[in-house]
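Reading the structure
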Amino acid sequence: MKKSPRKPSRGKPRIAATARSLAADILDATEKRDAWAEVLLDGALSSHPELAQRDKALTTQLVYGVLRHRYRLDRYIETGAKRPINKLQSEVVTLLRLGAFQLLNLDRIPASAAVNETVTLAKTRGLPKAAGLVNAVLRAISDGRATPAKPDGDAEELALAHSVPLWLARRWIEDEGLLGATLLAEATTSPPPLFLRALDEGPSDERDAVVKELQNVGEAGPGSYSPKGVWIRGAGNPRELAPVREGRAIVQGQASQLVPLILAPQPSWRVLDLCSAPGLKTTHLAELVGGEGSVTAVELHQHRANEVKGLADALGYNNIKVVCADARSFASEEPFDAILADVPCTGLGILAHAPERKWRITESQPKELATLQAEILDNGAALLRPGGVLVYSTCTTARAENEAVVEKFLSDHPDFSLERADAMCAIDGDLLDALGHLRTFPRPRPTAAGSYLDGFFAARMVKKR
């Protein structure tokens, strides 16, 4: 007896992905799961190869635009909705932020399209009751009826103009003055160029070759401060670039590339990288010490230790030993010649790359992290040989995590002395403070892509003989 043919499913038809729907998915996930937008975006775009390149670009622009400008968007939304953000359903807030960003920041998208597409999105995402609210709020923003009240004081004005949390605006003004705080805030909303580090395999300059190759796929050039730095714009997924795919370059910010140069390990030295993931500086150190030297890479979490080992193996560095251990208690029978303590930090210097950090960092975290950072430094001091070099570095602008940590360390360890960051390498003097620390922020917005830097800090210290 033949089975009757299966009837077509009467379930809901699959709705084709659009730039706005993908952006909404990603923004919902960053909010609910504390996931990273970069990872989610990469996965979403890879899962939808049918999307046109312009739609992929719009998805990226919407996700990062909302995350970068969230504070300002929320103030407009609250004014239009006549209620606080936390009184609105989170999925509705995501849609309102998407619509408000298009209205306030994207001139090429007509206001009618921004409003109508967002209302349609509310309906297709199972939020039909919210469609009216979305329509009303976005129309109020569009016609100027939802303009926030005038800010009260410098901190509120800075927070609204450059979309940073109010506590952070106050902290930056306290630490850097209004001008410095403004420069820091401006940097968080500007899309940065992509930087690579060229990997030299021989006497020829691999950077020049990488630059020429990348100029065939986008706008590219050499970095202004790192001797191996290469910048590129408009090239799409960096993992698909031939130099990266073939192991001739890796994605790494220009300021990050300066840190191993400040440590300046000599060929054949034993080097310890105390907080090594994802391994970018680790591989640079391995390159500097050469085949006769070694790098011990310590990482607390096994999956991140595996990440470091995977990168080292992929690039062919067999002088790297990866150890899964706590940097505060890692022990070694033999002392090291040089130690890099690139410690966990708030990441306030890389907010342009990971703007969701702005909304996750709390006011108490810089001080809390300073305690952890000091413990890591203390352990590093015990692992270093007399005459050895210790470099402390972060990707944050918080003085509580930078100068204050170094000052306390030197006070607690009179057997260490501070050296200028350019003692053993060429570092542009504009990047050094009065004590010789590397401090790349605050700085004016660069006029050339090759001059772009993230916010890094590094101090070079030597253990007395």
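Just above, that's the structure.
Bear in mind the structure is a predicted one, so any value in this text is a computation, not a measurement. (Residues numbered from 1 in each chain as written. Predicted model: local features only at pLDDT ≥ 70, side-chain atom pairs only at ≥ 80, totals over all residues. Heavy atoms only, no water.)

Quick notes on the packing of helix 1 (residues 19-32) against helix 2 (residues 37-47)
What counts, and what does not: The axes are straight lines fitted to the C-alpha atoms, using for helices just the contacting stretch, and the angles between their N-to-C directions are given from 0 to 180°. Numbering goes from the N terminus for both helices and strands, where a helix is a DSSP run of H or I of at least four residues and a strand is a run of E of at least two. A crossing counts as left-handed when the near helix is turned anticlockwise from the far one by less than a right angle, and as right-handed when that turn is clockwise. Whether two residues are in contact is decided by their heavy atoms, any of which lying within 4.5 Å being enough. In the scheme used here, Gly and all other residues not listed as nonpolar or charged are polar, with Ala, Val, Leu, Ile, Met, Phe, Trp, Tyr, Cys and Pro taken as nonpolar and Asp, Glu, Lys and Arg as charged.
The N-to-C vectors of helix 1 and helix 2 enclose an angle of 145 degrees; their axes lie 10 Å apart at closest approach. Here helix 1 and helix 2 pass one another in a crossing that is right-handed. Every residue of helix 2 that contacts helix 1 at L22, I26, A29 and T30 is listed here: A37, L40, L41 and A44. Considering only residue class, the contact of helix 1 with helix 2 consists of 7 nonpolar, 1 polar and no charged.

Regarding the pattern of salt bridges
Rule in force here: Any carboxyl oxygen of Asp or Glu that lies within 4 Å of a side-chain nitrogen of Lys or Arg is treated as forming a salt bridge with it. Relative accessible area decides the class of each residue, using a 1.4 Å probe on protein chains only: under 20% of the type maximum gives buried, over 50% gives exposed, and in between gives partly exposed.
Overall, the coordinates contain 27 salt bridges when judged by the stated rule. A salt bridge links R97 to D74; the nearest nitrogen and oxygen atoms lie 2.8 Å apart. Of this pair, R97 sits in helix 5 (residues 90-105) while D74 sits in helix 4 (residues 70-81), placing them 23 residues apart in sequence. D74 shares its class with R97; the two are buried. In this structure, a network of salt bridges that share partners links the residues E31, R70, D74 and R97.

Overview of the nonpolar core
Across soluble globular proteins, you tend to see nonpolar side chains buried next to one another. For the record, the criterion: Buried residues of nine kinds, namely Ala, Val, Leu, Ile, Met, Phe, Trp, Tyr and Cys, make up a nonpolar core once their side-chain atoms join them within 4.5 Å.
Ranked by size, the top nonpolar core spans 50 residues in total, and within it V63, I77, L96, L98 and I141 carry the most contacts. Those elements that place two or more of their residues in this core are helix 1, helix 2, helix 3 (53-68), helix 4, helix 5, helix 6 (111-124) and helix 7 (131-142). Among the elements that take part in this core, helix 5 stands out by supplying 8 residues, more than any other. Here V63 is in contact with A23, I26, L27, A37 and L41, once residues within four sequence places are set aside. Of all hydrophobic cores here, the second largest spans 40 residues; its members include Y225, C395, L431 and F456.

Some details on the pairing of strand 12 (residues 457-463)
A regular strand places its side chains on the two faces of the sheet in alternate fashion. Cut-off, in case you're wondering: Should DSSP find at least two bridges between two strands, the strands are regarded as paired.
The buried fraction of strand 12 amounts to 7 of the 7 residues, a majority that puts the element mostly inside the structure. Alternating positions in strand 12 separate into two faces, F457, A459, M461 and K463 on one and A458, R460 and V462 on the other, with burial throughout. In the sheet, strand 9 (residues 384-394) pairs with strand 12 via 6 bridges, with the strands oriented antiparallel. Along strand 12, the bridge assignment pairs Y392 with A459. Where strand 10 (residues 416-419) and strand 12 come together, 4 bridges link them in antiparallel fashion. Its bridge partner being in strand 12, E419 is matched across the sheet by R460. As defined by bridge partners, strand 11 (residues 438-439) adjoins strand 12 across 2 bridges and the pair is classed as antiparallel. Residue R439 lies in a different strand from strand 12, and its bridge partner there is F457.

Things to note about the packing of aromatic side chains
Two descriptors summarise a pair of aromatic rings, namely the distance from one centre to the other and the angle between the planes of the rings. This is how the line gets drawn: Between 30 and 60 degrees the pair is tilted, below 30 it is stacked and above 60 it is edge-to-face, where a pair is any two Phe, Tyr or Trp rings, Trp via its six-membered ring, whose centres lie within 6.5 Å. Counting as a charge over the ring demands two things of the Lys NZ or Arg CZ atom: a distance within 6 Å of the ring centre and an angle within 35 degrees of the ring normal.
Under the defined criterion, the tally for this structure stands at 1 aromatic pair. Arranged with centres 5.1 Å apart and planes meeting at 65 degrees, the rings of F409 and F416 form a pair that is edge-to-face. F416 matches F409 in its accessibility class, with the two residues each being buried. Its end group placed over the ring of F336, R270 keeps NZ or CZ at 4.3 Å from the ring centre. The ring centre of W36 lies 4.7 Å from the NZ or CZ of R360, which sits over that ring.

Here's the deal with the environment of L98
When you line up the elements, L98 lands in helix 5. By relative accessible area, which is 1% here, L98 ends up buried. Sequence separation of L98 and A24 is 74 residues, and the distance between their C-alpha atoms is 7.5 Å. Setting aside its immediate chain neighbours within four residues, L98 contacts R20, A23, A24, L27, L62, V66 and L121.

Section: the packing of helix 2 against helix 3
Put simply, the test is: Here the word oblique covers every angle except those under 35 degrees (roughly parallel), over 145 (roughly antiparallel) and from 65 to 115 (roughly perpendicular).
Between helix 2 and helix 3, the shortest axis-to-axis distance is 11 Å and the interhelical angle comes to 160 degrees. One element, helix 2, and the other, helix 3, form an angle in the roughly antiparallel class. For the pair helix 2 and helix 3, the sense of crossing is right-handed. Residues A37, E38, L41 and L45 of helix 2 form the contact with helix 3, whose participating residues are K56, T59, T60, V63, Y64 and L67. Residues that form the contact of helix 2 with helix 3 fall into these classes: 6 nonpolar, 2 polar and 2 charged.

Thoughts on unusual backbone geometry
Here A277 and P278 are connected by a cis peptide whose omega angle stands at 5 degrees. The topology assignment puts P278 in the loop between strand 5 (270-273) and helix 13 (280-289). Positive phi is not limited to glycine here, since S163 has a value of about 55 degrees. Within the secondary structure layout, S163 lies in the loop between helix 8 (154-162) and helix 9 (166-188). S163 sits in the buried class, given a relative accessible area of 1%. Even without being glycine, S268 reaches a positive phi, approximately 80 degrees.

Some thoughts on the sheet that holds strand 2 (residues 219-222)
Pairing is antiparallel across the open sheet formed by 4 strands, whose spatial order is 2-3-1-4. Strands with a single pairing partner mark the edges of an open sheet, and in this sheet they are strand 2 and strand 4 (249-251). Put simply, the sheet's adjacent strands are angled 30 degrees from each other on average, direction ignored. Judged from the 3 bridges that link them, strand 1 (residues 194-198) and strand 4 form a sheet pairing that is antiparallel. Bridging from a neighbouring strand, R197 pairs with I250 of strand 4. Against the sheet, helix 10 (residues 206-214) touches strand 1, strand 2 and strand 3 (229-233), its axis set at about 5 degrees to strand 3.

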